[in-house]
Amino acid sequence: MMLDWLVPTLISVLLVLAGIGAVRRMNMWRAGQAEKVDMLAGLLAMPKRYLHDLHHVVDRDKYISRTHVATGGGFVLAMVLVVFVHLFGVDSKILAWALLAALVMMFCGALFVYKRRINPPSRLSKGPWMRLPKSLLTFSITFFVLTLPAAGVLPEGFGGWLLTLVLSVLILMSLSEMLFGMTWGGPMKHAFAGALHLAFHRRPERFGGGRSTGLKPVDFGDGVSVKEVLGVAKPTDFKWNQLLGFDACVQCGRCEAVCPAFAAGQPLNPKKLIQDMVVGFAGGTDENYAGSPYPGIDLGHAKGAPNQIITDGLIHPDTLWSCTTCRACVEECPMMIEHVDAIVDMRRFLTLEKGSTPNKGAQVLENIIATDNPNGYAPASRTHWAADQNLPVMKDVKQADVLFWVSDGAFDMRSQRILRAFVKLMKAANVDVAILGDEELDSGDVARRLGDDATFQSLAKRNLATLSTYQFNKIVTTDPHAFHCLKNEYGDFGSDALQNVEVLHHTTFLNRLVKDGLLQLEPFKGGKVTYHDPCYLGRYNGEYEAPRELLASLGIDVAEMERSKFRSRCCGGGGGAPITDIPGERRIADMRMEDVVSTGASMVAVGCQQCTAMLEGVVEPRPVVKDIAEILAGQLIEETH
Amino acid sequence: MQPNVNVISLVSVGRHPQSGRARRAEQDGRAVELGLKLAGKNLTVVHAGNPQEPVLRQYAGMGLSSLTVLEQAQGCDALPALVSFLTENSVNIVLTGVRSENGESSGMLPYLLADQLNWPLVPRVADIVSVSAESAEVLLALPRGQRRSVIVTLPFIASVDNAAQEARQTAFGPGLRADFHVLAMDTVVDEAAHQWKITAAKPRPKRLKVVKAKTAADRMKAATAKPVGSGGKIMKNETPEEKAKAIFDLLLEEKVVR
Ligand code: SF4
Ligand code: SF4
C-alpha cells in the first residue's frame with residue numbers, strides 16, 4: 001500500500017512532540033526550589049499509589065472510578081500496544097487482539113465519560129474538558145478499525161488509501177489530544193503530571209493509609225544570614241514537587257464542592273487556586289480557565305509568571321485569607337494535591353515579609369508575641385479559671401500520669417465551662433493529673449495558620465523546653481488545635497520532651513476511662529443529638545470514633561449529618577479565619593448550623609472550644625451546643641460519701 | 001512627601017502593660033509611622049541604647065532599610081547622645097513618643113531635647129498634615145477627639161500622641177534584614193537615676209464614682225468626660241504680649257516659676 005508509512009510516521013511525530021513537551025514541562029517544575037525526594041523509591045511505589053491510594057479516593061464516586069479504570073487502563077494498555085503493533089509493526093495476532101480488547105474497554109469507559117459530560121455538574125470544568133470524551137471515543141474507534149487487519153479480521157489493505165487517509169486524520173485529531181495535549185497543557189496533562197506527582201509526592205507518608213497533616217516548618221536559616229524571602233512570594237519559591245502537584249489537577253472540582261469558604265461566597269475556590277498556581281509557573285492569564293471563578297471575582301484579569309509575585313496580579317490576598325485550613329479539599333482531592341500547604345506558604349510571605357495580615361491579624365500576632373496568648377491577657381492570669389479546681393501544678397509536683405494541656409480556652413469564660421467539666425470527669429475517675437499553670441503558652445496554632453512561623457516556632461520551642469522538665473505519660477487537651485500542634489507539628493524541633501508521651505484529645509482519653517469503667521454515667525434522656533466533627537480532630541487526626549462511642553455510652557444514637565466524619569463541614573473557626581474575617585455572602589457557621597438543624601437534633605455535641613464558640617455564635621433559636629465533656633459531666637453519677 | 005526635609009523618629013524599648021515584656025512602644029511606633037508618612041524611605045530612625053536589643057527589629061520590620069543606634073551601656077542618659085547626634089546632622093523634624101513605657105517614663109525627653117537644641121516643641125500631635133521648606137501644618141490632639149491645627153516653623157520636635165495613626169504591622173523578614181548603623185558615643189552615666197530604688201508600682205484603689213445621670217446620654221457623657229478646670233479663660237483677640245503676660249501670671253500663681 002502506498003500510504004503504509006503514514007500511520008507510523010504520525011505516531012512517531014506525535015510521540016516526539018510529546019517528548020519535547022514533557023522535557024519543557026519538567027523544566028517548568030524544576031524552576032521550583034530543591035526538595036529531597038527518593039526518586040527511585042517513589043517511581044517504584046507509583047503504580048501501587050495509583051491503584052490503591054488514588055483509586056481509594058476516586059472510588060468515593062463509584063461512577064467515575066469505574067469509568068476511569070476502564071478509560072485510563074484501556075488507554076495506557078492500548079497506547080503501549082499501539083506502539084508495538086503500529087509503530088514497530090510487530091506482526092502478532094495475540095498483540096493485535098489484546099489491543100482490540102483494550103480499545104473496547106477504553107471505548108466503553110469513554111462512553112460513560114461522554115454521558116457525564118452531557119449535563120455536567122457545576123464543579124466540573126468545561127472548555128477543553130468537554131472535548132475530551134470525543135477525543136477518547138475517536139481514539140478508540142480509529143485504532144480499532146486500524147487494528148482489524150492486523151488481527152486478521154479484515155484483509156490487509158482493506159478500504160484502500162481513502163480509508164487510510166480518513167483514519168490518519170482521525171489519528172491526528174485523537175493523538176494530538178492524547179499525546180501532544182498530555183505534555184503541552186491539554187486536559188490529558190493530569191495523567192502525565194499526576195503519575196509523577198504520585199511518585200514524587202511531598203508527603204509520601206500519606207500513601208498506604210497514613211496521615212501527614214502537620215505543616216512543614218519555615219527554614220529560618222543558620223541565624224547568621226537571613227534568607228532572601230520567607231514563605232512563597234513567586235511561583236518559583238514553591239518546592240519543585242509542589243509545582244508538579246499543581247499540574248496534576250484534573251479540575252474535577254471535588255475540592256470546590258466541599259470548600260466551606262466557596263459555599264459561603266468568600267473569594268476562594270480551591271480548584272481555581274490550583275489552576276492559578278499553574279498559570280503562575282507556566283505564565284499566562286486565567287482566560288482559558290473554564291470552571292467556577294472565585295466568588296465575586298471576574299475571570300480573565302489574573303496574570304502570572306514564574307518570577308512574578310503571586311499576590312501582585314495573580315491572586316488577591318483575600319483569597320488566601322478566606323481559607324479555614326479545614327483540609328476538606330485535600331481530603332477530597334483524588335490527585336492528593338496539598339492546597340493547605342500552598343495557601344499557608346503564600347500567607348507566610350504576606351505576614352513575614354509584607355506585614356499585611358488583614359483585620360485583627362496584626363494585633364493578634366502582636367499580642368501572642370508580647371503575652372503568649374492571642375488576646376493580650378496578663379500571662380499571670382492564665383490559671384485564674386482553676387482557682388477553685390484544686391489542680392496540682394507541674395511546678396510543684398514535677399510529675400503526673402496525665403498532663404492536662406489547658407490551652408487558651410483558659411482565658412475564655414465559655415471555654416472554661418468545658419475545662420471545668422473535663423476536670424470534674426478526671427476527678428471522678430481519680431486520674432493523676434497536673435497542669436502547667438502559668439508556664440503553659442499558646443500552642444502557636446493561630447500564629448502558624450496566619451503565616452507567622454517565626455512566632456509559632458518560638459512558642460513551640462519554649463513550650464517544649466517547659467515540657468521537657470517534667471515527667472508524664474500522657475498529655476491530654478480539650479483543644480483539637482493544640483492537640484494537632486503537639487502531636488503533629490512539635491516533632492520538627494528536635495526535642496525529646498514528647499518522646500514516649502501519648503498525645504491525646506480529651507474525647508479519646510475519656511473514652512478510655514469509660515471503657516475501663518472508671519466513670520459512672522446515667523443515660524442521657526434529652527432529645528435527638530447530632531455530632532459535629534472538628535476538622536483538627538477528624539481530618540487532621542483521624543479521630544472519628546471516640547466521640548461517637550462516648551455518646552453511645554450515654555445511650556445516645558447520634559443522628560448523623562449528611563456531611564460528617566471525613567466529609568464534615570468546617571464550623572468556620574479554623575486557620576485564623578475569624579480573625580482575618582474576609583467577607584462573604586453568608587457565614588460558614590450558619591451553614592453548619594443548618595446542617596445540624598436538618599437532622600432534627602435539639603443538641604449538637606462538639607469536641608472543640610473553637611467549634612463551640614462558632615456554633616454558639618449562630619443566632620437563636622437553634623439547637624444547644626455542648627462539648628462532649630460537658631454532656632458527660634452532666635450525666636455523671638457522683639458518689640456521695 | 002518632602003524629600004528635602006529630614007525627619008527623624010526616636011524609638012525606645014517599650015514594655016507590655018500585661019506581661020511586662022519588651023515590645024515596640026505604642027507611641028514610638030506611631031512616631032515611626034508618622035515619619036514614614038512624611039519621609040518614606042528617607043526616614044531616619046534612631047535609638048540610643050543596646051544595638052543587640054531584639055525589639056529594635058520590630059521597628060525595622062515596619063519597612064526600614066536601616067536603623068541608627070547610638071550605642072550606650074545600660075543606665076546611661078540618652079539625652080547627651082541624642083543632642084550631639086541631632087546637632088551633627090541637619091534635621092528638620094524630630095518625632096518622639098509622649099513618654100517611654102520603661103524606666104523613668106517622665107515624658108521629659110522631648111522637652112529637654114527642645115531645651116538643649118533651642119527648638120520649639122509641639123506636644124501630643126495627632127498628625128502632620130503638610131510640610132514645606134520652612135514650616136509644617138500640625139494637628140494637635142486634644143481631649144475627646146478634638147484637634148487643633150497649628151503652623152510650626154522648622155526645625156521642631158513633636159511628641160506623638162496615641163491619637164496618631166497606629167503603627168503598621170511589623171514584618172519579621174525585613175526586620176531581620178535591616179542594617180543597623182551603630183555609632184559609638186561618649187556615654188554619660190545617669191548618676192541621679194543610679195541612686196534610685198525602683199520597685200513595682202502598686203495600683204492605688206480607685207475612688208468610686210457615683211453617677212447620678214438619668215439618661216444613657218448623660219451616663220455616656222459622665223463616663224467619657226475629661227475633668228474640665230473651672231478656671232482659665234480663652235484669649236483670642238488680645239495681643240501676643242497680653243497673652244504671654246497671662247501665661248506668665250498663671251505660672252507665677254501656680255508656683256511653676258518663682
Ligand atoms: S485540586 Fe484536586 S479536587 Fe480540586 S479540582 Fe483539582 S484534582 Fe479535583
Ligand atoms: S482547606 Fe477548607 S477552606 Fe481552605 S480551601 Fe480547602 S476546603 Fe476551602
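Residues numbered from 1 in each chain as written. Chains lettered and ligands numbered in written order. Predicted model: local features only at pLDDT ≥ 70, side-chain atom pairs only at ≥ 80, totals over all residues. Heavy atoms only, no water.

**Notes on the domain arrangement of chain B**
Moving on, step 1. Taken domain by domain, chain B consists of domain 1 (7-194) and domain 2 (202-258).
Moving on, step 2. Domain 1 of chain B and domain 2 of chain B are separated by 29 Å when their C-alpha centres are compared. (Domains from an automatic or database assignment.)

**Thoughts on the nonpolar core**
Residues and elements named next belong to chain A.
Moving on, step 1. Membership of the largest hydrophobic core comes to 91 residues, with the highest contact counts inside it found for Phe-139, Phe-143, Leu-175, Phe-238, Phe-246, Leu-273 and Met-346.
Moving on, step 2. Examining the composition of this core, we find that eight residues originate from one element, helix α1 (residues 6-30), more than from any other.
Moving on, step 3. With sequence-adjacent residues up to four places away left out, Phe-246 is seen in contact with Phe-238, Ile-274, Met-277, Val-278, Phe-281 and Ala-342.
Moving on, step 4. Counting residues in hydrophobic clusters, the runner-up holds 65 residues, among them Ala-434, Leu-464, Leu-513 and Leu-551. (Core = buried A, V, L, I, M, F, W, Y, C linked by side-chain atoms within 4.5 Å. Buried < 20%, exposed > 50% of the residue type's maximum accessible area, 1.4 Å probe, protein only. Helix = DSSP H or I, 4+ residues; strand = E, 2+ residues; numbered from the N terminus. Contact = heavy atoms within 4.5 Å.)

**Considerations on the sheet that holds strand β8 (residues 603-606) of chain A**
Residue and element names in this part refer to chain A.
Moving on, step 1. The parallel open sheet is built from three strands, whose spatial order is β7-β8-β9. The strands lining the two open edges of the sheet, one partner per strand, are β7 (529-531) and β9 (624-627). Neighbouring strand axes in the sheet, compared pairwise and without regard to direction, differ in orientation by 30° on average.
Moving on, step 2. Bridge count for β8 against β9 is four bridges, and the pairing is parallel. (Pairing = 2+ DSSP bridges. Axes fitted to C-alpha atoms, helices over the stretch in contact; angles between N-to-C directions.)

**What to know about the site of ligand 1**
Moving on, step 1. Taken together, A:Cys249, A:Val250, A:Gln251, A:Cys252, A:Gly253, A:Cys255, A:Lys271, A:Cys333, A:Pro334, A:Met335, A:Ile337 and A:His339 make up the full set of residues near ligand 1.
Moving on, step 2. For the shell around ligand 1, a count of residues per class yields eight nonpolar, three polar and one charged. (Near = heavy atom within 4 Å. Nonpolar A, V, L, I, M, F, W, Y, C, P; charged D, E, K, R; others polar.)

**Examining the pairing of β8(A)**
All names here are of chain A.
Moving on, step 1. Burial along β8 is two-sided: Met-603 and Ala-605 and Val-604 and Val-606, pointing in opposite directions, are all buried.
Moving on, step 2. In the sheet, β7 pairs with β8 via three bridges, with the strands oriented parallel. Counterpart to Thr-530 in the pairing with β8 is Val-604.
Moving on, step 3. With respect to chirality, the unit in which β8 leads through helix α25 (residues 609-616) into the neighbouring parallel β9 is right-handed. (Right-handed = clockwise from strand over helix to strand, strands pointing away.)

**A short note on the domain arrangement of chain A**
All names here are of chain A.
Moving on, step 1. Domain assignment breaks chain A into domain 1 (2-188), domain 2 (227-354), domain 3 (371-509) and domain 4 (529-634).
Moving on, step 2. If you average the C-alpha positions of domain 3 and of domain 4, the two centres end up 22 Å apart.
Moving on, step 3. Counting residues at the interface gives 26 residues for domain 3 and 28 residues for domain 4.
Moving on, step 4. Between domain 3 and domain 4, the buried area comes to about 2100 Å², and carbon and sulfur atoms account for 63% of it.
Moving on, step 5. Of all residues in domain 3, Arg-414, His-481 and Thr-507 bury the most surface against domain 4, accounting for 25% of the area lost on that side.
Moving on, step 6. On inspection of domain 3 and its partner domain 4, the count reaches nine residue pairs in polar contact (both at pLDDT 80 or more).
Moving on, step 7. Looking at the side of domain 3 that touches domain 4, the elements that each hand over two or more residues are α17 (413-428), α18 (445-449), α20 (480-489) and α21 (506-515).
Moving on, step 8. No other element matches the eight residues that α17 contributes to the side of domain 3 that touches domain 4.
Moving on, step 9. Residue composition of the side of domain 3 that touches domain 4, by class: eight nonpolar, eleven polar and seven charged. (Buried area = accessible area lost by both parts, 1.4 Å probe. Polar contact = N/O pair within 3.5 Å; in protein donor to acceptor, adjacent residues only side chain to side chain.)

**Observations concerning the side chain of A:Arg203**
All names here are of chain A.
Moving on, step 1. Among the secondary structure elements, Arg-203 is positioned in the loop between α7 (189-199) and α8 (240-247).
Moving on, step 2. The exposure class assigned to Arg-203 is buried, which follows from its relative accessible area of 0%.
Moving on, step 3. In terms of polar contacts, Arg-203 uses its side chain to reach the side chain of Ser-212, at 2.7 Å.

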